[in-house]
Amino acid sequence: MSAELPTESPLSERDGRYLRHAIAMSRVARSRGNRPFGAVIVATDGAVLAEVWNSNVETGDCTAHAEVNAIRAVSPRYSREALASATLYSSAEPCVMCAGAIFWSNIGRVVFGIDAQRLRAFRGERPEQRDAELSCRDVFAASPHPIDCIGPALIEESSREHEGFWQR
Ligand SMILES: [Zn+2]
């Protein structure tokens, strides 16, 4: 399996800074009892439009993934045109639901940390911890507007909050 793992993407200083911000949000998620995922949405001028974490446990909402929470925070406040030039940073590769939400938001660029394949090694085989195995890139490829996708990146840093978290 290891031969098939995606290779790490190099990041600019700016992308590295904001992806680390998203990883910091994954620590917040875990400290509040949720699954350790975080996301931030950043405008082209560097304004942070949302900084959020997964809130599955604290809200009881199975759709409260970090990326969906981020999009729900920005979508009522910013136009589709404004979001087209924004970047969503996620501590982990977006799942199929979040990839769909990114499509609907019109956000044009995604940078993620740990990839879904490496994450599956942490998730294990418990049914409630498994994900739907459809890549976000396959969802983005079906979009009529382009969605740039960079990742996996900062794999070691974005893996840390998953160590010892998932139930065996
Ligand atoms: Zn998701």
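So, a few notes on the structure that sits alongside this text. Just so it is clear, the model here is predicted, and its values are computed rather than measured. (Residues numbered from 1 in each chain as written. Predicted model: local features only at pLDDT ≥ 70, side-chain atom pairs only at ≥ 80, totals over all residues.)

Considering the environment of D45
1) Next: Relative to the helices and strands, D45 is located in the loop between strand 1 (38-42) and strand 2 (48-53).
2) Next: In this structure D45 comes out as exposed when scored by C-beta crowding, with 6 C-beta atoms within 10 Å.
3) Next: Each C-alpha atom of the pair D45 and Q117 lies 33 Å from the other, and the pair is 72 residues apart in sequence. (Helix = DSSP H or I, 4+ residues; strand = E, 2+ residues; numbered from the N terminus. Buried ≥ 20, exposed ≤ 12 C-beta atoms within 10 Å, placed from the backbone.)

Some remarks on unusual backbone geometry
1) Next: Between G151 and the following residue, P152, the backbone shows a cis peptide bond with an omega angle of 0 degrees.
2) Next: By the element assignment, P152 lies in the loop between strand 5 (148-150) and helix 8 (155-159).
3) Next: Positive phi outside glycine occurs at N106, with the angle close to 75 degrees.
4) Next: Among the residues examined, N106 registers 20 C-beta atoms within 10 Å and is labelled buried.
5) Next: The backbone of L154 sits at a positive phi, close to 45 degrees, despite the residue not being glycine.
6) Next: Secondary-structure assignment places L154 in the loop between strand 5 and helix 8.
7) Next: Overall, the presence of 23 C-beta atoms within 10 Å leaves L154 in the buried class.

Concerning the environment of G113
1) Next: Looking at the element boundaries, G113 is found in strand 4 (residues 109-114).
2) Next: Overall, the presence of 30 C-beta atoms within 10 Å leaves G113 in the buried class.
3) Next: Between the C-alpha atom of G113 and that of E93, which follows or precedes it by 20 residues, the distance is 6.4 Å.
4) Next: Residues contacting G113, with those up to four places away along its chain left out, are L19, I23, S90, S91, A92, G151, P152, A153, L154, I155 and S158. (Contact = placed C-beta atoms within 7 Å.)

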